[in-house]
Amino acid sequence: MLPAHVILRGFETLPVAPEVVARLAPFLKGGDLDPAAFEQTVKFDPVLTANLIQAAHRLLEPGAAPIASLEEAIERVGLHRLLELAVGTSLRRTLPARLPGYGISAGKFWIHCIAVATLGEAIAQRIDLPSADLAFTAGLLHDIGQLAIGDFFAENMPESDWWTFGTPEDERTLLSCNHCDIGKLVAERWQLPLAVIEACRWHHELAKAPAGIDRGLNTVIHAADALAYSLGFKGVGYPGEVLDELAPGQLGLSAQELLDLAQGCRRAIGQNAIASGMGASLDSA
Ligand SMILES: [Fe+2]
Ligand SMILES: [Fe+2]
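Given the structure is predicted, the values throughout are model-derived calculations rather than measurements. Each chain carries its own residue numbering, running from 1 in the written order of its sequence. Each chain takes a letter, starting from A, and each ligand takes a number, starting from 1, following the order in which they are written. In view of the model being predicted, local features appear only for residues whose pLDDT reaches at least 70, and side-chain atom pairs are presented and counted only at 80 or more, with totals across whole chains, interfaces and linings using the full set of residues.

Trainee: Could you give an account of the overall build of the protein, naming the residues involved and the relevant values?
Mentor: Only DSSP runs of H or I covering at least 4 residues are called helices, and only runs of E covering at least 2 are called strands; the numbering of each starts at the N terminus. When helices and strands are counted, the protein shows 16 helices and two strands. Counting the 285 residues in the protein, one finds 45% classified as buried. Any residue with 12 or fewer other C-beta atoms within 10 Å of its own C-beta is exposed, any with 20 or more is buried, and the rest are partly exposed; the C-beta atoms used are placed from the backbone.

Put into C-alpha cells, the structure is as follows:
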C-alpha cells in the first residue's frame, strides 16, 4: 500500500487550468453567450483559432465548403458547440502521454470523455433537463481528477504505469481520496459551473449525492459514463461502470431505452472525436 500522505502531498499543487479554459470559464456558466466576446477571447490564440476552424469544418457534412474564419465557424456550427470544442482543444493540449495508475493512454482517456460528453448531451436533451446546456462540458470534464492524479504519478512514480487502482472505491481505499474528490477540487479551482463541479464529485455515487446538488445532471453524467463503457469507450482499467439501479427512475428512461439511445449516438461520438483531432485513437478505444 502507498502511504496516503505521500500521494496527497502532490495534490497540494493542483493543476492550474490551461489559460484558455480559465478565460472561457465565465462563458460556461450559461446565460446568453456573446459571440463578439467569445471571438475576442479566442482570437489572440492563433493555434486555438486554427484548431477551432478545422474542428468546426470536421463537424459539417462531407464536402461542405471550407470555413474561412472564426466568425464563420460560429455562424455555421453554433457558438455553444464551438465553446465546447475550445475547452476540449485546450485541455487536450495538456494531456500526458499516459495516465499512470489508471492503465490508460491519453488517447483512450480522451475518447472516453468525448463519449460521455456526447451521450450526456443526448440524454439531457431527451429528458429536457433544465441544465442540458452543461451536459457536454460536464461529460468532457467528469474524470478531470484522473488527470490530476495521473499527472502526480507520471511525475513521481512513472514506473507505476503497469498497475491500476481498480474501482473508484478501491481507489479511495488506496489513496484516501479518489478522482471524484480530486476532480471536485480541480473543478472548483478552475471556477467551472457549480453543476459541473458536483458532477465531477458525485458521478459514481448516486445514492450518496446530497439533495441540494443538480441531481439531474449528475445522474445524466453517471448514466452516460456507464453507457460509454457498454459501447466500448472504456475509461480507466477496470471492468467498467455499471448503471446504478436508481438511474432509470431518476431519468424517467428504462435501462433498455438508455441503451437504445446510446447505440444511436455512436456516429456522433465518432464525429466529435474526429472534430477534436482524436480520430486516430478511435481504433484503440
Ligand atoms: Fe469517474
Ligand atoms: Fe468516466
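After presenting the structure, the write-up continues.
Trainee: I'd love a proper account of helix H4 (residues 46-59), names of residues and values included.
Mentor: To estimate how far a helix should reach, multiply one less than its number of residues by 1.5 Å. Its 14 residues place the ends of H4 20 Å apart at the C-alpha level, agreeing with the 20 Å of an ideal helix rising 1.5 Å per residue. Once C-beta atoms have been placed from the backbone, residue pairs whose C-beta atoms lie within 7 Å are recorded as contacts. Buried-residue contacts for H4 involve helix H2 (19-28), helix H3 (35-42), helix H5 (70-77), helix H6 (79-92) and helix H16 (266-275).

Trainee: Can you lay out the packing of helix H13 (residues 215-231) against helix H15 (residues 255-263) for me, pointing to particular residues and giving the numbers?
Mentor: Here an axis means a line fitted to C-alpha atoms, over the contact stretch when the element is a helix, while the angle between two N-to-C directions is reported on a 0 to 180 degree scale. Close contact between H13 and H15 brings their axes to 10 Å; oriented N to C, the two are set at 65°. Pair H13 / H15 crosses with right-handed handedness. Residues Ala223, Leu227, Ser230 and Leu231 of H13 form the contact with H15, whose own contacting residues are Leu258, Leu259 and Ala262. Asp, Glu, Lys and Arg are counted as charged, while Ala, Val, Leu, Ile, Met, Phe, Trp, Tyr, Cys and Pro are counted as nonpolar; the rest, among them Gly, fall into the polar class. Here the residues of the contact of H13 with H15 sort into six nonpolar, one polar and no charged. Take the far helix as your reference; a near helix turned counterclockwise from it by less than a right angle gives a left-handed crossing, and one turned clockwise gives a right-handed crossing.

Trainee: Provide a residue-level description of H13, including the pertinent values.
Mentor: Residues spaced three or four apart along an α-helix face the same direction, because each turn holds 3.6 residues. Here H13 spans 24 Å end to end across 17 residues, near enough to the 24 Å set by a 1.5 Å rise per residue. For H13, a buried count of 14 out of 17 residues is recorded, marking the element as mostly surrounded by other parts of the structure. Looking one or two places after H13, you find Gly232, whose phi comes out positive at around 100°.

Trainee: I'd like a rundown of the packing of helix H11 (residues 179-189) against helix H12 (residues 194-202), residues and numbers included.
Mentor: The contact between H11 and H12 brings their axes to 7 Å, and the two run at 165°. Classified by the angle between their axes, H11 and H12 sit roughly antiparallel to one another. Between H11 and H12 the crossing geometry is right-handed. Of the residues in H12, those in contact with Cys180, Gly183, Lys184, Ala187 and Glu188 of H11 are Val196, Ile197, Cys200 and Arg201. Residue composition of the contact of H11 with H12, by class: five nonpolar, one polar and three charged. Here the word oblique covers every angle except those under 35 degrees (roughly parallel), over 145 (roughly antiparallel) and from 65 to 115 (roughly perpendicular).

Trainee: Tell me what's going on with the nonpolar core, and back it up with residues and numbers.
Mentor: With 83 residues, the main nonpolar core has Leu52, Leu119, Val196 and Val220 as its most contacted residues. Ranked by residue count, the leading element in this core is helix H7 (residues 106-126), at twelve residues. Of the domains in this structure, domain 1 (17-94) and domain 2 (97-285) are the two that each give at least three residues to this core. Among residues more than four places away in sequence, those in contact with Val196 are Leu134, Thr137, Ala138, Leu141 and Ala187. Any set of buried Ala, Val, Leu, Ile, Met, Phe, Trp, Tyr and Cys residues joined through C-beta atoms within 7 Å is what this text calls a nonpolar core. In this document the domain limits rely on a domain assignment from an automatic tool or a database.

Trainee: Give a detailed account of the environment of Leu251, specifying residues and quantitative values.
Mentor: Considering the arrangement of structural elements, one finds Leu251 in helix H14 (residues 246-251). Residue classification places Leu251 among the buried residues on the basis of 20 C-beta atoms within 10 Å. Distance in space between the C-alpha atoms of Leu251 and Leu129 is 9.2 Å, their sequence separation being 122 residues. Apart from residues lying up to four places away in sequence, Leu251 is in contact with Ile123, Ile127, Thr219, Val220 and Ala223.

Trainee: Quick one: what's the story with unusual backbone geometry, residue by residue and with numbers?
Mentor: Phi is positive for Asp128, close to 55°, though the residue is something other than glycine. With respect to the element layout, Asp128 can be found in the loop between H7 and helix H8 (135-141). Despite not being glycine, Gln191 has its phi angle at roughly 55°, a positive value. Relative to the helices and strands, Gln191 resides in the loop between H11 and H12.

Trainee: Break down the environment of His203 for me, with residues and values.
Mentor: Checked against the element boundaries, His203 lands in the loop between H12 and H13. Separated by 60 residues in the primary sequence, His203 and Asp143 have C-alpha atoms spaced 9.2 Å apart. His203 has contacts with His142, Cys180, Asn218, Ile221, His222 and Asp225, leaving out every residue within four places of it along the chain.

Trainee: How would you sum up the environment of Ala36? Please name residues and give values.
Mentor: Structurally, Ala36 can be placed in helix H3. Of the residues examined, Ala36 has 9 C-beta atoms within 10 Å and is grouped as exposed. Taking the C-alpha atoms as reference points, Ala36 and Glu71, separated by 35 residues in sequence, lie 8.7 Å from one another.

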